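# Analysis of the macromolecular model
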Amino acid sequence: MLYYLFKYLEQYVHIPAGGLFNYISFRTAMAVILSLIITTVYGGRLIRMLQNRQVGETVRDLGLAGESQKQGTPTMGGLIILGGILIPTILFAKLENIYVILMLVTTIWMGAIGFLDDYIKVFRKNKEGLAGRFKIIGQVGLGIIIACTMQYHPDILVRQKVAVSQTPIEAQSQLEEQVGVNGQSYYTENVKSTKTNLPFYKKNEFDYGNVLTIFGIPSGKFVFPLFLVVVVFIVTAVSNGANITDGVDGLATGTSAIIGITLAILAYVSGNTIFADYLNIMYIPNSGELVVFAGAFVGACVGFLWYNSYPAQVFMGDTGSLAIGGIIAAFAIMIRKELLIPVLCGVFLIELVSVIVQVSYFKYTKRKYGEGVRVFLMSPLHHHFQKKGYHESKIVTRFWIIGILLAIITIVTLKIR
């Protein structure tokens, strides 16, 4: 919004430093700063309001150390995160950018699902919250919106190198000449593509159409249904993974901030012709604007951590955790790094897998032997370590360290072929 305001005013009067709004780096920095201010300054006010309204967490007796101390801690603090993301993005991002629009839709969509779940738990006194099937329906719905937009919106393209000799004469006028980092020139064109980034693969590019050729289906046919399934699966898995990880103070928030910084770096290099050419990765026109959103996201997570670190003064609830997971999934899909999620979101993945393994093995052994056997002392995995006597702060810190290592590995994969 401010970008458009300064651009409009520049037509009539010179505004000192007004040109800074043309730079993504400046607007990203401002988004981070404003997000931190919103979450830290106004976050305290929201916490007091939640306390006054007795919007407290009902803690189940799981036999964990320090569990009783968390009884009554304000929840639905994810509203702080949502405000810290939405307001800076609306003020500093280019709102006509389709990637920004999709991220705003994702934030509001998943935030609304999480808010409804928290509302039922807190105000309707229903500990189960929103029925699981309705959460899944919401996640699937968002996945369909993202996949359809990625497939059919005319502004979502990738730039690829082409050989002039192999291009029809009538189409050569649409080619753009680029100069690479080695000084050599080449031609490119913006096209619709079913390619995505895949580490340890030739050119780091993987075409969804190639999956179908294994089954004798021609490349290009039925690619969208396959892509749709992948997108829906990723959105559902990551949002649920973030939701499950939100079990001890600061774990989900800090891990998400690390992931957000990594996604910001990936979006910046993918949306910058120079860096994309240097790293020899896919260039995605207009995706650089996502860095502004990522800045607001990281600022909101770090600012919320001010109150959510041990001992937590507020919990994000499903309002925050489902939104965070949906944002990470959607962001990765838009910059075509969704296949890096198992590495980048490794903490979410292991937490989710620990629950699946625990529940599946318990049911299997109970059905076969008449008595269920547990793999972990308790799931998700962070509760297993709590049962073993580790303090929350130590668990969180070590998970953060793992998250940082995974983030570094994710970035390094850009150059590993």
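Presented here is a report on the structure given in the accompanying data block.

What counts and how
- Residues numbered from 1 in each chain as written.
- Predicted model: local features only at pLDDT ≥ 70, side-chain atom pairs only at ≥ 80, totals over all residues.
- Heavy atoms only, no water.
- Helix = DSSP H or I, 4+ residues; strand = E, 2+ residues; numbered from the N terminus.
- Expected span 1.5 Å × (residues − 1).
- Buried < 20%, exposed > 50% of the residue type's maximum accessible area, 1.4 Å probe, protein only.
- Contact = heavy atoms within 4.5 Å.
- Salt bridge = Lys/Arg side-chain N within 4 Å of Asp/Glu carboxyl O.
- Axes fitted to C-alpha atoms, helices over the stretch in contact; angles between N-to-C directions.
- Parallel < 35°, antiparallel > 145°, perpendicular 65-115°, else oblique.
- Nonpolar A, V, L, I, M, F, W, Y, C, P; charged D, E, K, R; others polar.
- Phe/Tyr/Trp six-rings, centres within 6.5 Å; stacked < 30°, edge-to-face > 60°.
- Core = buried A, V, L, I, M, F, W, Y, C linked by side-chain atoms within 4.5 Å.

### Some points on helix 13 (residues 346-369)
Over its 24 residues, helix 13 runs 33 Å from end to end, which matches the ideal 34 Å to within 8%, given 1.5 Å per residue. Buried residues of helix 13: Gly346, Val347, Phe348, Glu351, Leu352, Ser354, Gln358 and Thr365, and no others. At its buried positions, helix 13 is contacted by helix 7 (223-245), helix 8 (251-270), helix 11 (317-334), helix 12 (341-344), helix 14 (381-387) and helix 15 (392-412). A positive phi of about 85° marks Gly370, the residue just after helix 13.

### Description of the pattern of salt bridges
By the definition in use, this model includes 6 salt bridges. Put simply, Lys135 and Asp117 hold a salt bridge, and the shortest N to O gap is 3.4 Å. Taken together, the residues span a long stretch of sequence, with Lys135 in helix 5 (residues 132-152) and Asp117 in helix 4 (residues 98-122) at a distance of 18 residues. Summarising the burial analysis for this pair, Lys135 and Asp117 share the class buried. Note that Lys195 and Glu205 form a salt bridge whose closest N and O atoms lie 3.7 Å from each other. Here Lys195 is found in strand 4 (residues 195-197), whereas its partner Glu205 is found in strand 5 (residues 205-207), with 10 residues between them in sequence. One continuous salt-bridge network, built from bridges that share partners, spans Asp117, Lys121, Lys135 and Asp318.

### Description of the packing of helix 3 (residues 78-92) against helix 11
Two numbers describe a pair of packed helices, the interaxial angle and the distance between the axes. It is the contact of helix 3 with helix 11, at a shortest axis distance of 7 Å, that shows an interaxial angle of 40°. As the angle between them shows, helix 3 and helix 11 are arranged oblique. Along the contact surface, helix 3 presents Gly78, Leu79, Ile81, Leu82 and Ile85, while helix 11 presents Thr319, Gly320, Ala323, Ile324 and Ile327. When the residues that make up the contact of helix 3 with helix 11 are grouped by side-chain class, the tally is 7 nonpolar, 3 polar and no charged.

### Brief notes about the packing of aromatic side chains
Counted by the stated rule, this structure contains 11 aromatic pairs. Measuring from ring centre to ring centre gives 4.9 Å for Tyr119 and Phe123, while their planes differ by 35°; the resulting arrangement is tilted. Geometrically, the ring pair formed by Phe206 and Tyr208 is edge-to-face, given 6.0 Å between the ring centres and 75° between the ring planes. The pair Phe206 / Tyr208 is uniform in exposure class, with both members buried. Grouped by ring-pair contacts, the aromatic residues Phe21, Phe26 and Phe92 constitute a single cluster.

### Side note on the nonpolar core
Ranked by internal contacts, the top residues of the largest apolar core, which has 81 residues, are Ile146, Leu263, Phe297, Ile328 and Phe331. Sort the elements by how many residues they give to this core and helix 11 lands first, with 11 residues. Contacts of Leu263, omitting those with residues within four sequence positions, involve Ile328, Phe331, Ala332, Ile335 and Leu344.

The values are spatial; any link to function lies outside them.
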